[in-house]
Amino acid sequence: MRLDKVIEQNLQTTRKEMKRLFLMKKVFVDGAVEYDPQRNVDSQLHKITVDGKNLLTNHVYYLLNKPAGVVTAKKDSQFQTVTELVAKAQRPAGLYPVGRLDRDTTGLLLLTDNGQLGYDLLQPYSQVTKTYHAVINEQVTLEDKKAFETGIVFHGGIRCQPAQLNILRAESGYSEVLLTISEGKFHQVKKMFLACGKKVTSLTRLAMGPLRLPEELAEGDYRALTLEELQRLKTYFR
Ligand code: URA
């Protein structure tokens, strides 16, 4: 949450008082004077002290193992949504999915009500990589691997950034691969394989930045990020 919002929520500060607190160097984050009212903070990661008082935030961060058939949205007129998989009592109004998985894609999805963090994680400057396990309807070749590493060009001319393709199994009519990409174009993985004349028949996201899909988390289940996982996201707090 933005630092000025944290202060306003905790101390019911007027705009004028807020300005004064920053001007008088009364705002500290992790022991250092903070000058930026817009800095994104979370009291689980940062020690926030204003005029000698410790301030708290109450954001939530969930790792969901998205099942197929559920849409990555907050509301949908036809299908169940990923936020609806979270128990009502644990679902703050601002809870939303960071990024998007297709309805038939499964795997790791971060849900949070920290909109600033979610926004930053998706920006190109954050360089958040995503790793997918994909099943393909054809034999994936070393030429495909090279093309992914050079930068796939979609039908229509858009060029993707280089991506790392590891072939786990490749036989006539069936392949399994691990693919790591560092951008998030619409239907990116499916379109990358289509550009090679192949079709993704099953797609699961295993990792996003420093987060991994926990093996013990069944499809449809979610859990709060551990403090260690949250700490790994600290570099993305701006
Ligand atoms: N790429 C896709 O094509 N689909 C997803 O759901 C995620 C990445």
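Residues numbered from 1 in each chain as written. Predicted model: local features only at pLDDT ≥ 70, side-chain atom pairs only at ≥ 80, totals over all residues. Heavy atoms only, no water.

*Asks:* Would you mind showing me how to read the nonpolar core here?
*Replies:* Generally speaking, soluble globular proteins have nonpolar side chains that are buried together. Counting residues in hydrophobic clusters, the biggest one holds 29 residues, and the most contacted among them are Leu111, Phe148, Leu179, Val189, Met192 and Phe193. Viewed by domain, this core spans two of them, domain 2 (61-125 + 214-236) and domain 3 (129-208), each represented by three or more residues. If near-sequence neighbours (up to four positions away) are discounted, Val189 is found in contact with Tyr132, Leu179, Ile181, Val200 and Leu203. With 17 residues, the next largest nonpolar core counts Leu63, Val98, Leu211 and Phe237 among its residues. (Core = buried A, V, L, I, M, F, W, Y, C linked by side-chain atoms within 4.5 Å. Buried < 20%, exposed > 50% of the residue type's maximum accessible area, 1.4 Å probe, protein only. Domains from an automatic or database assignment. Contact = heavy atoms within 4.5 Å.)

*Asks:* Is there a simple way to think about the layout of surface pockets in this case?
*Replies:* It is a probe the size of a water molecule, rolled over the atoms, that shows where empty space is left. Here the largest pocket is characterised by a volume of approximately 480 Å³. Together, 28 residues line the largest pocket, and Arg100, Lys130, Glu183, Gly184 and Lys185 are the ones closest to its centre. The class makeup of the residues in the lining of the largest pocket is 12 nonpolar, nine polar and seven charged. Domain assignment of the residues forming the lining of the largest pocket places at least three in each of domain 2 (61-125 + 214-236) and domain 3 (129-208). (1 Å grid on protein atoms, 1.4 Å probe; cavity = no way out; pocket = protein on both sides within 12 Å on 5 of 7 lines; lining within 4 Å. Points joined across faces, edges and corners; volume = space filled by probe spheres on them. Nonpolar A, V, L, I, M, F, W, Y, C, P; charged D, E, K, R; others polar.)

*Asks:* Would you take a moment to explain the site of the ligand for this structure?
*Replies:* Neighbouring residues of the ligand: Leu101, Asp102, Thr105, Tyr132, His187, Gln188, Val189, Lys190 and Leu203. In the environment of the ligand, an oxygen atom lies 2.7 Å from a nitrogen or oxygen atom belonging to the backbone of Asp102. The backbone of Gln188 places a nitrogen or oxygen atom 3.4 Å from an oxygen atom of the ligand. In this structure the site holding the ligand corresponds to the largest pocket. (Near = heavy atom within 4 Å. Polar contact = N/O pair within 3.5 Å; in protein donor to acceptor, adjacent residues only side chain to side chain. Sits in = over half its atoms within 2 Å of the grid points.)

*Asks:* Even after reading the chapter, I still don't get the packing of aromatic side chains, so can you show me in this structure?
*Replies:* To describe a pair of aromatic rings, one takes the distance between the centres and the angle between the planes. All told, the structure shown has two aromatic pairs when counted by the stated rule. The interplanar angle of 70 degrees and the centroid separation of 5.2 Å between the aromatic rings of Tyr62 and Tyr222 together place this pair among those described as edge-to-face. On the criterion of sequence distance, the pair formed by Tyr62 in strand 5 (residues 61-66) and Tyr222 in strand 13 (residues 222-224) is long-range, its members being 160 residues apart. With a centroid separation of 4.9 Å and 45 degrees between ring planes, the pair formed by Phe148 and Phe193 is classed as tilted. Taken together, the positions of Phe148 in helix 4 (residues 142-150) and Phe193 in helix 5 (residues 188-195) put the pair 45 residues apart, joining distant regions of the chain. Pair check on accessibility: Phe148 and Phe193 agree, each one buried. Above the ring of Phe79, the side-chain terminus of Arg103 is found at 3.8 Å from the ring centroid. (Phe/Tyr/Trp six-rings, centres within 6.5 Å; stacked < 30°, edge-to-face > 60°. Helix = DSSP H or I, 4+ residues; strand = E, 2+ residues; numbered from the N terminus. Lys NZ or Arg CZ within 6 Å of the ring centre and 35° of its normal.)

*Asks:* Please explain the pattern of salt bridges as it appears in this structure.
*Replies:* Close approach of charged atoms allows side chains of opposite charge to pair. Here the structure, examined in full by the defined rule, presents 14 salt bridges. Residues joined by salt bridges that share partners form a network here, namely Arg100, Asp102, Asp104 and Lys190. (Salt bridge = Lys/Arg side-chain N within 4 Å of Asp/Glu carboxyl O.)

*Asks:* I would appreciate a short explanation of the domain arrangement of the protein in the present structure.
*Replies:* Note on interface size: it is often stated as the accessible area lost on association of the parts. Under the domain assignment, the protein is made up of domain 1 (3-55), domain 2 (61-125 + 214-236) and domain 3 (129-208). On a C-alpha basis, the centroid separation for the pair domain 1 and domain 3 is 45 Å.

*Asks:* What is the right way to look at the environment of Ala134 in this model?
*Replies:* Here Ala134 lies in strand 8 (residues 130-136). Residues Ala134 and Leu101, 33 residues apart in the sequence, show an inter-C-alpha distance of 13 Å. In this view, Ala134 contacts Ser175, Glu176, Val177, Val200, Ser202 and Leu203; residues no more than four positions away in its chain are not counted.

*Asks:* Teacher, can you tell me more about the UniProt feature "domain: Pseudouridine synthase RsuA/RluA-like" (unreviewed entry) in the protein here?
*Replies:* Taking the numbering used here, the UniProt-annotated feature "domain: Pseudouridine synthase RsuA/RluA-like" (unreviewed entry) corresponds to residues 61-194. As a span, residues 61-194 carries 18% helix and 29% strand, and end to end its C-alpha atoms are 34 Å apart. (UniProt positions renumbered as here; feature names shortened; annotations may be inferred.)

*Asks:* Please explain the sheet that holds strand 4 (residues 53-55) as it appears in this structure.
*Replies:* Within a sheet, each strand pairs with its neighbour through backbone hydrogen bonds, oriented either parallel or antiparallel. The antiparallel open sheet is built from four strands, whose spatial order is 2-1-3-4. Across the chains shown, the open sheet's two edge strands, defined by having one partner strand only, are strand 2 (32-33) and strand 4. Lying on the sheet, helix 1 (residues 3-11) is in contact with strand 1 (27-29), strand 3 (48-50) and strand 4; it crosses strand 4 at an angle near 115 degrees. (Pairing = 2+ DSSP bridges. Axes fitted to C-alpha atoms, helices over the stretch in contact; angles between N-to-C directions.)

*Asks:* In this structure, what is going on with helix 3 (residues 115-122)? I would like to understand it.
*Replies:* The periodicity of an α-helix, 3.6 residues per turn, causes residues three or four places apart in sequence to face the same way. Along helix 3, the residues classified as buried are Leu117, Gly118, Asp120 and Leu121. Within helix 3, the buried residues cover an arc of 165 degrees as seen down the axis, which keeps them to one side. Along its buried surface, helix 3 packs onto strand 5, strand 6 (96-98) and strand 7 (106-112). (Arc of directions from axis to C-beta.)

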